[in-house]
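Spelled out, the chains give:
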Amino acid sequence: MNEIPRGTLQEQTFYEQVGGEETFRRLVRRFYEGVAQDPLLRPMYPEEDLGPAEERFTLFLIQYWGGPTTYSEDRGHPRLRMRHAPFKVDAAAHDAWLGHMRVALDELGLAPEHEAQLWKYLTYAAASMINSA
Ligand code: HEM
């Protein structure tokens, strides 16, 4: 018999289900390739090198979806709306941001239900980051 004994079946986190760290690294790497070429978004990023911003966002998403909590160990509580306050996030920035994210997400080739769950979160989070009319 090949039965799994009762009580030992562990639920996988979303992070594990979609392939763990590598998947989130691919997503955010592709997203930042878009940002790097974007005339509206690129100037908003304070650092010359987008690498550290890419790392912060990657670690945030990993933590959010149930992976290691390195983001908060490094950065503390996310407080994302507060951290975005210095930047003018209006409808145009929102649309550009989501556009690059859509491309990056499509290229991941996730299962449709995972893709839908991630996109739902990202669209909701992006809308909540708007701080300028
Ligand atoms: C809606 C359009 C958005 C724009 C224009 C935008 C822009 C920015 C900019 C300019 C930074 C600073 C880069 C840095 O130094 O780290 C930043 C940081 C960050 N953003 Fe966004 N962002 C947007 C939406 C989002 C959303 C929806 C999320 C989460 C799902 C997010 C997560 C983060 C994180 C985790 C950081 C780093 C925070 C830290 O300092 O630890 N952003 N964003």
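Nothing here was measured: the structure is a model prediction, and the numbers come from that model. (Residues numbered from 1 in each chain as written. Predicted model: local features only at pLDDT ≥ 70, side-chain atom pairs only at ≥ 80, totals over all residues. Heavy atoms only, no water.)

Undergrad: Just checking my understanding: could you explain the overall build of the chain for this structure?
TA: A tally of helices and strands in the chain yields seven helices and zero strands. Counting from the amino terminus, the chain carries its helices and strands in the arrangement α-α-α-α-α-α-α. Each principal axis of the C-alpha distribution contributes one length, and for the chain these read about 60 × 30 × 25 Å. Here the chain has roughly 8400 Å² of accessible surface; of this, 53% comes from carbon and sulfur atoms. Taking the average location of the 14 positive side-chain charges in the chain and that of its 20 negative ones, the two points are 6 Å from each other. (Helix = DSSP H or I, 4+ residues; strand = E, 2+ residues; numbered from the N terminus. Areas by Shrake-Rupley, 256 points an atom, 1.4 Å probe, with all protein chains shown as cover. Lys, Arg positive; Asp, Glu negative; His and termini not counted. Charge placed at Lys NZ, Arg CZ, Asp CG, Glu CD.)

Undergrad: What is the right way to look at the coordination of the iron atom of the ligand in this model?
TA: Around a metal, the idealised angle for a tetrahedral arrangement of four donor atoms is 109.5 degrees; for an octahedral arrangement of six donor atoms it is 90 or 180 degrees. Counting protein donors around the iron atom of the ligand gives one, His 84 (NE2), at 2.0 Å. Note that His 84 resides in helix H5 (residues 80-84). (Donors = N, O, S within 2.8 Å, 3.2 Å for Na, K, Ca; no water.)

Undergrad: What is the right way to look at the pattern of salt bridges in this model?
TA: If the charged atoms of two oppositely charged side chains come close together, the side chains can form a pair. Scanning the entire structure with this criterion turns up eight salt bridges. Arg 25 is paired through a salt bridge with Glu 55; the nearest N and O atoms lie 2.9 Å apart. Residue Arg 25 is located in helix H2 (residues 21-36), and its partner Glu 55 is located in helix H3 (residues 51-64); the two are separated by 30 residues in the primary sequence. A relative accessible area of 33% places Glu 55 in the partly exposed class. (Salt bridge = Lys/Arg side-chain N within 4 Å of Asp/Glu carboxyl O. Buried < 20%, exposed > 50% of the residue type's maximum accessible area, 1.4 Å probe, protein only.)

Undergrad: Would you explain the layout of surface pockets in this entry?
TA: Summary: where empty space remains is shown by rolling a probe the size of a single water molecule over the atoms. The computed volume of the largest pocket comes to approximately 780 Å³. Lining the largest pocket are 29 residues, with Tyr 32, Tyr 45, His 84, Phe 87 and Trp 97 positioned closest to its centre. Elements with a contribution of two residues or more to the lining of the largest pocket: H2, H3, helix H4 (70-75), H5, helix H6 (91-108) and helix H7 (112-128). The biggest single contributor to the lining of the largest pocket is H3, with five residues. In terms of residue class, the lining of the largest pocket is built from 22 nonpolar, two polar and five charged. (1 Å grid on protein atoms, 1.4 Å probe; cavity = no way out; pocket = protein on both sides within 12 Å on 5 of 7 lines; lining within 4 Å. Points joined across faces, edges and corners; volume = space filled by probe spheres on them. Nonpolar A, V, L, I, M, F, W, Y, C, P; charged D, E, K, R; others polar.)

Undergrad: Is there a simple way to think about the site of the ligand in this case?
TA: Surrounding the ligand, one finds 20 residues, the nearest of these being Arg 56, Tyr 71, Arg 75, His 84 and Trp 97. Between an oxygen atom of the ligand and a side-chain N or O atom of Arg 75, the distance comes to 2.6 Å. A distance of 3.3 Å separates a nitrogen atom of the ligand from a polar side-chain atom of Trp 97. If you map the ligand onto the pockets, it falls in the largest pocket. Elements that contribute at least two residues to the shell around the ligand include exactly H3, H4, H5, H6 and H7. No other element matches H3, which puts four residues into the shell around the ligand. Its residues assigned to classes, the shell around the ligand shows 15 nonpolar, two polar and three charged. (Near = heavy atom within 4 Å. Polar contact = N/O pair within 3.5 Å; in protein donor to acceptor, adjacent residues only side chain to side chain. Sits in = over half its atoms within 2 Å of the grid points.)

Undergrad: I'm lost on the packing of aromatic side chains in this one. Help?
TA: Pairs of aromatic rings are described using the distance from one ring centre to the other and the angle between the two planes. The full count for this structure, using the stated rule, is 12 aromatic pairs. Between Phe 57 and Trp 97 the ring centres are 5.9 Å apart and the planes differ by 55°, which places this aromatic pair in the tilted class. One end of the pair, Phe 57, is in helix H3; the other, Trp 97, is in helix H6, and 40 residues separate them in sequence. A single burial state applies to Phe 57 and to Trp 97, both of which are buried. On the basis of an interplanar angle of 85° and a centroid distance of 5.6 Å, the ring pair of Phe 60 and Tyr 71 is categorised as edge-to-face. With a gap of 11 residues between them, Phe 60 in helix H3 and Tyr 71 in helix H4 connect regions that are remote in the sequence. The same class applies to Phe 60 as to Tyr 71, namely buried. (Phe/Tyr/Trp six-rings, centres within 6.5 Å; stacked < 30°, edge-to-face > 60°.)

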